[in-house]
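This is what each chain is made of:
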Amino acid sequence: RCVQETGINAEYMGNGILQCLHKILLNSDLTSTIGNYCLGQLTKFANEVQRKKQSVEINFEKISEALIKINKIYQSEQNVDGKFTKRASLFLEVVWLLIKLKQTCLKVDKPNVYLDAEKDLGKKVANLAIVKNALEVFEIERSLSNIYESREILMDAWTQSKPEELQAESKIIQSPHPYYQGPTTQKINLPYACKAEFTFSEQSTIIKDEFVGISSDSRFQDDSKIVTMPIKKKTEVCKVVNSAVYLHLGCKGNEFYSFGRSEEGQLGINIQSSDNNQPTLIESIQSNQIKDLKGSVYHTVILLNDGRVFACGKSKQTGLDSDSKVFKQVDVPEKVRLISCGLNHTFYVTESNKLYGVGYNSSGSLGLGDSDDSVSLQLIPFAPEKQIVRISSGWGQTILALEDGTLWGTGENYSAQLGIVNGEASISTVRKFTQLNYLQGLKAIEVSCGAYYTIAILEDKEGKRQLYSCGDNYNGESGQGSTENTKKMKLMDGCKKVTNFKFVTSGYRNSVAITDEGHIYVWGEQRATGGDQAVKTPTRQKWFKDNGKLGVSASCAYQNAMFLVQDKKTLKKEVYGMGYASCGQLALPTEVDAYNQPKQPEFFKNKNIKDVRLTNYYAGFVWTEPEVDPTSRETHAYKCHITGEEPIKGPLYVDIFQNGKTYSQNGLKDTESKHKVSPILLFIQFYYNKDKVKWTSYDESFLQDYVGQDLGEDREFNGYKCNQCQQIPKECLYINAAKLAECMCDSCVKEPFEGPSSMVPTIYYRFTKYPNKEKLLPKLDMVDYSDKTNQYGVYVTIVPKYDKFGFEYLEQKYKEPIDKFTNQMSVFTMEIDKMLVEILTKKAKEKNVTAESLVTQQDIFTKQDIENQRQLANIPLSLLHKRLFILNKINSLVKEIQKYIDFSSDQGQFRLIKLYERISPLIYPETKENIAETIIKSYVNMKKQNYRINRLLAQVKATEGKVDNLGKFSIFGQIFRQASKHSYSEMCPYGTDERIFRIDFLNEASIDAGGPYREAFANMCKDLQSKTLPLLIPTPNQRNNTGLFREKWTINPKATLDIHQKMYEFFGVLMGVAIRTKHYLTLNLPSIFWKMICNKLPDLSDLDAIDRFTVQCLDDILNIEKKNVDADTFCDVIDQKFVTFLSDGTEIELIPNGAQIQVTFEKRKQFVDLVIRKRLEESQKQISWIKNGLFEIIPEAVFGIISQESLEVMICGSPQIDVDFLKKNTEYCGCDENAPTIKMFWKMLKSFDDLERSLYLKFAWGRTRLPLQDSDFTQKHRIILISSDDKQLPQSHTCFFQIDIPKYSTFDIMCQKFRLAINNCEGIDTDGTRGIEAVSYTHLTLPTIYSVQISVVAVSLKKKNTNKNICYCYI
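Criteria and thresholds
- Residues numbered from 1 in each chain as written.
- Predicted model: local features only at pLDDT ≥ 70, side-chain atom pairs only at ≥ 80, totals over all residues.
- Heavy atoms only, no water.
- Helix = DSSP H or I, 4+ residues; strand = E, 2+ residues; numbered from the N terminus.
- Buried < 20%, exposed > 50% of the residue type's maximum accessible area, 1.4 Å probe, protein only.
- Contact = heavy atoms within 4.5 Å.
- Areas by Shrake-Rupley, 256 points an atom, 1.4 Å probe, with all protein chains shown as cover.
- pLDDT = per-residue confidence, 0-100.
- Salt bridge = Lys/Arg side-chain N within 4 Å of Asp/Glu carboxyl O.
- Phe/Tyr/Trp six-rings, centres within 6.5 Å; stacked < 30°, edge-to-face > 60°.
- Pairing = 2+ DSSP bridges.
- Axes fitted to C-alpha atoms, helices over the stretch in contact; angles between N-to-C directions.
- Polar contact = N/O pair within 3.5 Å; in protein donor to acceptor, adjacent residues only side chain to side chain.
- Core = buried A, V, L, I, M, F, W, Y, C linked by side-chain atoms within 4.5 Å.
- Expected span 1.5 Å × (residues − 1).

1. Regarding the overall build of the protein
At step 1: The helix and strand tally for the protein stands at 39 helices and 62 strands.
At step 2: Looking at the protein as a whole, 55% of its 1371 residues are labelled buried.
At step 3: For the protein, the share of sequence-separated contacts (at least 6 apart) that also reach a separation of at least 24 residues comes to 62%.
At step 4: Carbon and sulfur atoms form 47% of the exposed surface of the protein, whose accessible area is close to 61,600 Å².

2. Some details on the confidence of the model for the protein
At step 1: Of the residues in the protein, 81% reach a pLDDT of 70 or more, and the chain-wide mean stands at 81.
At step 2: Per-residue pLDDT, averaged within each element of the protein, yields its smallest value for strand S60 (residues 1333-1336) (35) and its largest for strand S28 (residues 501-506) (96).
At step 3: In this model, residues 78-83 is a region of pLDDT below 50 whose contacts with residues beyond four sequence positions or in other chains number 14 contacts.

3. Considering the environment of Glu926
At step 1: Along the chain, the position of Glu926 falls in helix H23 (residues 925-936).
At step 2: With sequence-adjacent residues up to four places away left out, Glu926 is seen in contact with Thr850, Ala851 and Glu852.

4. A few points about the pattern of salt bridges
At step 1: Counted under the stated rule, the structure contains 50 salt bridges.
At step 2: In this structure, the salt-bridge partner of Glu602 is Lys605, at a minimum N-O distance of 2.7 Å.
At step 3: In this structure Lys605 comes out as partly exposed when scored by relative accessible area, which is 32%.

5. Quick word on the packing of aromatic side chains
At step 1: All chains considered together, the criterion is met by 43 aromatic pairs.
At step 2: Measuring from ring centre to ring centre gives 4.5 Å for Tyr192 and Tyr809, while their planes differ by 20°; the resulting arrangement is stacked. Of the two residues, Tyr192 is situated in the loop between strand S2 (184-189) and strand S3 (195-200) and Tyr809 in helix H16 (residues 804-813); the sequence distance between them amounts to 617 residues.
At step 3: Classification of Tyr192 as partly exposed rests on a relative accessible area of 48%.
At step 4: For Tyr809, a relative accessible area of 17% puts it in the buried group.

6. What about the pairing of strand S15 (residues 345-350)?
At step 1: Summarising burial for S15: six of the six residues are buried, a large majority.
At step 2: By the alternation rule, side chains of S15 split into His345, Phe347 and Val349 and Thr346, Tyr348 and Thr350, which are all buried.
At step 3: Bridging between S15 and strand S16 (residues 355-359) involves five bridges; their strand directions are antiparallel. The residue bridging Thr346 from the neighbouring strand is Val358, located in S16.

7. So, the sheet that holds strand S46 (residues 795-801)
At step 1: Taking strand neighbours across the sheet as the criterion, the four strands line up as S1-S46-S3-S6 in an open arrangement whose pairing is antiparallel. Either end of the sheet is taken by a strand with one partner, and the two such strands are strand S1 (171-174) and strand S6 (235-239). When strand polarity is set aside, the average angle formed by the axes of neighbouring strands in this sheet is 25°.
At step 2: Alignment of S3 against S6, held across five bridges, turns out to be antiparallel. If you follow Glu197 over to S6, its bridge partner there is Val237.

8. Considering helix H24 (residues 951-959)
At step 1: With a side-chain oxygen lying 3.2 Å from the backbone nitrogen of Leu952, the N-terminal cap of H24 falls on Asn950.
At step 2: Looking one or two residues beyond H24, the residue adopting positive phi is Gly961, at roughly 80°.

9. Digging into unusual backbone geometry
At step 1: Cis geometry is found at the peptide bond from Glu646 to Pro647, where omega equals 0°.
At step 2: If you trace the backbone, Pro647 turns up in the loop between strand S38 (635-636) and strand S39 (648-649).
At step 3: Positive phi, close to 50°, is recorded for Gln440, a residue that is not glycine.
At step 4: On the secondary structure map, Gln440 appears in the loop between strand S23 (429-435) and strand S24 (443-449).
At step 5: For Gln440, a relative accessible area of 75% gives the class exposed.

10. Quick notes on the side chain of Ser664
At step 1: Take Ser664: it is sitting in the loop between strand S41 (661-663) and helix H14 (665-669).
At step 2: Of note is the side chain of Ser664, whose polar atom sits 3.1 Å from the backbone nitrogen of Gly667.
At step 3: Discounting chain neighbours no more than four positions away, the residues touching Ser664 are Cys640, Thr643, Glu645, Ile648, Pro651 and Tyr653.

11. Considerations on the nonpolar core
At step 1: Membership of the largest hydrophobic core comes to 161 residues, with the highest contact counts inside it found for Phe198, Phe972 and Phe1067.
At step 2: When residues no more than four places from it in sequence are discounted, the contact partners of Phe972 are Met1020, Asp1023, Leu1024, Leu1029, Leu1031, Met1063, Phe1066, Phe1067 and Leu1070.
At step 3: Of all hydrophobic cores here, the second largest spans 46 residues; its members include Ile656, Ile684, Phe717 and Tyr770.

12. Remarks on helix H26 (residues 1011-1024)
At step 1: Here H26 is 14 residues long and its end C-alpha atoms lie 20 Å apart, about the 20 Å a rise of 1.5 Å per residue gives.
At step 2: Of all 14 residues making up H26, 13 are buried, and the element is well covered by its neighbours.

Next up, the structure:
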């Protein structure tokens, strides 16, 4: 109405539309239609104002409040299920338009105006997340909107191409550490750079227990990176702050160790021995990155400061794709801030307060109600309004605390470990997170779950923090002074006088608590507490008390504990172990079964310990504090002769004229003591060994020989300049004792600086009077003051990286080469770039690498690659390579902006969708697939069912030639019938290799550990591509044995019954499941099928791929004049009515009464067009049904992103079996790849064709396609050699991708045996040992030349309604 009645009125539209819009956006019943309409009007207004260049008065303060309100909703919705909501996208559109209007109002065209949000919108509004994100989106959008003129994209490509001019901006640092060993920090100035890339040369080496630090600040706090041995060829990237980065050498610490038993790989080290009492360094994890570590009997999880999570051990408890003996990253949808591990489950709390879980749920341990276990990450249906601040898991229970102090719990409660009771009886299990309503005014500060009990620190209104407990108390673990279970959360009377507990941790049957003063209390099982019997109430640990050790933290496990304490005198942190230690889990000698007093492991005595964890019965972890921060290295084992402080923290001052007295910086600030200090002191910043260094000393009478006059009133050292800041030093002058010509001021000498001197542990003479220039103090040789080594040297190249501000600096400095590069790039067009992307993608696929990574390689293109591309032929190869850097930048920007795009909206509805569509040809398939993967993982809902399948029935019916029109007896039909009883939306797992149902093959005694599930998928694909089902039929090309793609199957246009619709929908569900789990479907479907799924229009080439004969006929009719046929003779040659045959052979009319109407010469084009249209549309109805099922599993938005080629690979995998790729992902047991039989095996597999290789995969793994990349292998291909026997067949364990190969005597015998096995194996059975699957050959057909001796289990069954017995034999 506003638009219709007033037209474009600046003031009315400006304030009216904006205020109206924000009200609609804030409305909880927002519909996209209304929101988009208002947005459209606002856009129209903004564009009109900008077109007319009107000066508009809009009161932005009026809408600031609206923006603040919108921001609250925006923040809560911007990452729902891993993606932005429609409303969040609308919010961004509004803010972007506000900024656009602001620019127009100011009549400024410079882009920097957009970035001055604080000035234009006010500080309060500018700091809103929605405004910052809108500005970020706008900057990227601005570059992508005109990629052929964007200076940012162009300049980024120029710098990535590594022109010679940029070498001048790089820095090369070569340390003098072959002569000096000691901690130093150097500043590296990189003007206008945003990042710095550090690359260490081949010659670089450091001492084993040291590391090199890189950071954005001198204190190693901002964007810190650590480089450990070996550092050769290593590269690290660090952000640049204030045009500088810092290089720290000679750093110690930052070590992460594990020790104990690792039967399931819980130690994170790939060792053969199960016990490991000697701590082993884990180099893959840097200790400064560790935020928390938790674990249990079968797994260990590490949370890093950046929100990433790494795990090892059993995958079913961690969310990893497969079991792992080394730490691997867990794919959690968001950044994680809290973790917790139970016996068989794990929880992850994300930054947006979502709770993800994985593992067993049999007792409600995951809070998933009655759902089955979850072997992949599952979003837990628990959404508290308050932040989760604590979470702890016991063996079967989990309790979490919210910021309001309330407790919530789920899981086992058999021993009242949740403290929930019904009258006098405890409730055995709680299956969803439930508030524990027993705090009665108390607030939870800490909570810790033991095996079958729970300890909490609760705070009352007076601020008293006391210990409470509930649950099992057999060994005093509840600390209640008895052995009876504590059914309700109750105060521990034995320590109620202690009211300042701050920390508590619990293990199997013992706990540790620490007070504010560092007093350590223990209770529970006797071996863990050091007594002859269980300690039933919290008792202060005597040994720590008597020896002056204060508690910092602790960790408990099975009858043991480890303590991190601080010594009262030295303030040094130390680690101690106590209790059960026979498996090395305390890093103590294993000759002693248990230690009844705290004992310090020798290995950790001289290390700066940061924290300690015990994670299960037998595993322990310790990590150290990195000593990088100069302040941590400025601790000197000397006493200040003024203040008495010892040790001296900060710089050390030595009075060489008063017998080497030492002072601290605080001491020198004492004005009353200044007259006691000599005007010349030695200044030492970094640590020197007290026992090795003997300071130079002079008689006080010689002091006047080295100093001159006092300073004047200005307190300046006139005639001297600081080598760093070029200013005149004030108050103090520092002269380098090794280079007397180099001087520093008081400010610069205490901070890292640039130059060779900063790389040496330098000593300075500190003057408070003018030096005597006639008589200088002697030069000091640093070799006499520093430890020496010839094993140390760092040679590093630092290359600056630039953003738009740095680009302006480069454009001014290197205008000529940049202008040349700009002119070179001007020859490229969208069409040429599209060709480049296609060629690059093809080359990347051939090399099994990403297109993005391939760009960094040299000589990507050859002349053969481009000789058939006319538009590329005249462009030099070197220039084509440079252009790839621009394409890489475009894809990088798309990745940054993707999370803001609502792909589910109609095309063109939002600017970003429209932009994406415009540049889509330049986006790499891998980028599109990553976007699709993000959208797919945004929705997870999984509830596993059990299906019973009668394969014998399916086989009998198939043998009889029966068609399963109603989906009753085929394997596809049996699974469809059972699956359709449940919601398909519950078949959306999160991770790869997740099974959506369990399979029980009747009469086959199979155990579904994965093999039967994969076999069922293979069987369903076989059903689909056979006469058993009516859904797919052979293409005409296959039936006629003509044209290309004769192996393809296509949709049956005759399958139109209601039951067919439901079966097609289930077919779509299976396709969606294949995308999610990478259980690929062995389907040979034509291009027309994939195009229609992706909403792409098929064309004549797609019809040719399924029906070459029809296309040839149509071409003959259309171009019949070339055969000298005209209008007069046409009907003599062509006798054709307006009808055509569909793929199933059904004849249909193309026009009303078409069977009676003759095609004439004049109407031949009409006929051809009608045939093509009808044939391309013949399966539209069935395709729509398939899409209905597919969209139940995969969000519809995905199919507007990926290409049909990518979709086929995502569903069917790659049909080519790359033997080298499989070999790369193979592990050997009891042999290695050089064993003769192993070499023979790989030779055999390479000699197989793709069909035989596919059959081998089916035999060994129950799959017919390989994963697409290394990370998709949920299990490694395992080979075991068994006894030499040429009569024996190979044996497979499909659940574990394992093949047992006899040591065949010849290559030919191996090929015979394998071909026999892979072509005839159709059954799965168990071998009766340990529940592991083995192969059985059911209905085995053998060549007559073989005589085979078999062991038989015969089951006599009477066929229904007959007297005939049937015997089934299992080999």
